Amino acid sequence: PLAPIIADLWMQKMEQKLNRFSTNKPTIWMRYVDDVFCLFTLPKSKISDFHSRIQKWHKNLSFTVEFENENSIAFLDVLVTRVEDQLVTSLYRKPTHTGLYMLWDSCQNRKYKLGLIRTLVMRIYRICSTDGGIKSEVSSLRRTLEMNGYP
């Protein structure tokens, strides 16, 4: 599909306006297609000023702001937590997540079921930034897969 490519190109053009900011700009600006993660070392009032300025970039562009809650914020499927002077990442699941995956006794080829396991384990290792987080998520995944009938 062309939509993500066009959105990415358009956002790159909009981001060039970020270079004009001399004050109140984020220390980190990371984007995936049209989702942006910003890290500020400013008070909330200054962040609101920044938000007001980028809202004026284009009439069809609308940014929403979400602030961290209890030192954590979700971005895509990553939970970013501020611990002292570090950012720790772990998996984020929406509150509606049911833990239902392809059942082991479903009428699918075994390679797809093994591929599901491999994909979910790789996701844990790529997203979780601490050994404790990895162990916790692997244990949780094991329980979830057992509930889905996996041996």
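One structure accompanies this document, and this report is about it. By convention here, each chain's residues receive numbers from 1 onward along its written sequence. Note on the predicted model: pLDDT of at least 70 is required for a residue's local features to be given, and 80 or more for side-chain atom pairs to be given and counted; whole-chain, interface and lining totals, by contrast, use all residues. Computation of side-chain values covers all heavy atoms of the structure but excludes hydrogens and water.

This part covers helix α2 (residues 44-55). The terminal C-alpha atoms of α2, which comprises 12 residues, lie 16 Å apart, in line with the 16 Å expected from a rise of 1.5 Å per residue. Accessible area is worked out with a 1.4 Å probe on protein chains only. A residue is then buried under 20% of its type maximum, exposed over 50%, and partly exposed in between. A run of H or I in DSSP counts as a helix once it spans at least four residues, and a run of E counts as a strand once it spans at least two, with each numbered from the N terminus. Among the residues of α2, Ile47, Phe50, His51 and Ile54 are the ones counted as buried. Projection of α2 onto a plane perpendicular to its axis shows the buried side chains occupying an angular sector of 100°, all on one side. An expected span of 1.5 Å times one less than the residue number is assigned to each helix. Directions from the helix axis toward the C-beta atoms define the arc.

A few words on the packing of aromatic side chains. Classification of ring pairs uses Phe, Tyr and Trp, with its six-membered ring standing for Trp, and accepts pairs whose centres are within 6.5 Å; under 30 degrees between planes counts as stacked, over 60 as edge-to-face, and the remaining range as tilted. What the rule picks out here adds up to 7 aromatic pairs. One aromatic cluster is present, built from ring pairs that chain together Trp29, Phe40, Phe50, Trp57 and Phe63. Criterion for a charge above a ring: Lys NZ or Arg CZ within 6 Å of the ring centre, and within 35 degrees of the ring normal. Directly above the aromatic system of phenylalanine 67 lies the positively charged group of lysine 44, at a separation of 4.7 Å from the ring centroid. The ring of tryptophan 104 is capped by lysine 113, whose NZ or CZ atom sits 5.4 Å from the centre of that ring.

So, on to the layout of surface pockets. Site definitions follow a grid-based scheme: protein atoms alone, a 1 Å grid, a 1.4 Å probe that fits but cannot get out for cavities, and for pockets an open set with protein on both sides within 12 Å along at least five of seven lines, plus lining residues having an atom within 4 Å of a point. Grid points are joined across faces, edges and corners, and a volume is the space filled by probe spheres set on the points. By volume, the largest pocket amounts to about 1100 Å³. Along its surface, the largest pocket is lined by 36 residues, and Val36, Phe37, Cys38, Glu66 and Ile73 are the ones closest to its centre. For the lining of the largest pocket, the secondary-structure elements that each account for two or more residues are α1 (3-15), β2 (35-39), α2, β3 (72-75) and β4 (78-83). Taken together, the residues of the lining of the largest pocket break down into 25 nonpolar, 5 polar and 6 charged. Charged means Asp, Glu, Lys or Arg here, nonpolar means Ala, Val, Leu, Ile, Met, Phe, Trp, Tyr, Cys or Pro, and polar covers whatever is left, Gly included.

With a phi close to 55°, valine 33 is a non-glycine residue in the positive phi region. Among the secondary structure elements, valine 33 is positioned in the loop between β1 (28-32) and β2. Despite not being glycine, asparagine 71 has its phi angle at roughly 65°, a positive value. Residue placement: asparagine 71 occurs in the loop between α2 and β3.

In this section: the sheet that holds strand β5 (residues 86-91). The pairing criterion for strands is at least two bridges between them, as found by DSSP. Spatially, the 3 strands line up as an open sheet ordered β3-β4-β5, and their pairing is antiparallel. Since the sheet does not close on itself, it has two edges, and those belong to β3 and β5, each with one partner. Each strand axis lies, on average, 25° off the axis of its neighbour in the sheet, ignoring direction. Two elements, β4 and β5, share 6 bridges in a ladder whose sense is antiparallel. By the bridge assignment for β5, valine 78 is matched with leucine 91. In this fold helix α3 (residues 110-127) packs onto β4 and β5, with an angle of close to 170° to the strand it touches most, β5. Under this scheme, a helix contributes an axis fitted over its contacting stretch, all axes are lines through C-alpha atoms, and angles between N-to-C directions fall in the 0 to 180 degree range. Contact between two residues is taken to exist if any of their heavy atoms lie within 4.5 Å; hydrogens are not considered.

Further remarks concern the nonpolar core. When a protein is soluble and globular, its nonpolar side chains tend to lie buried together. Phe37, Val80, Leu91, Ile124, Cys128 and Leu141 are the most contacted members of the largest nonpolar core, which has 15 residues in total. Mapped by element, the contributors of at least two residues to this core are β3, β4, α3 and α4 (131-147). If you tally residues by element for this core, the top one is α3, at 4 residues. Once residues lying within four places of it in the same chain are set aside, the contact partners of isoleucine 124 are Leu91, Ile134, Glu137, Val138 and Leu141. Side-chain atoms within 4.5 Å are what join buried Ala, Val, Leu, Ile, Met, Phe, Trp, Tyr and Cys residues into a set we call a nonpolar core. Among the nonpolar cores identified, the runner-up in size contains 12 residues, and Phe21, Trp29, Phe40 and Phe50 belong to it.

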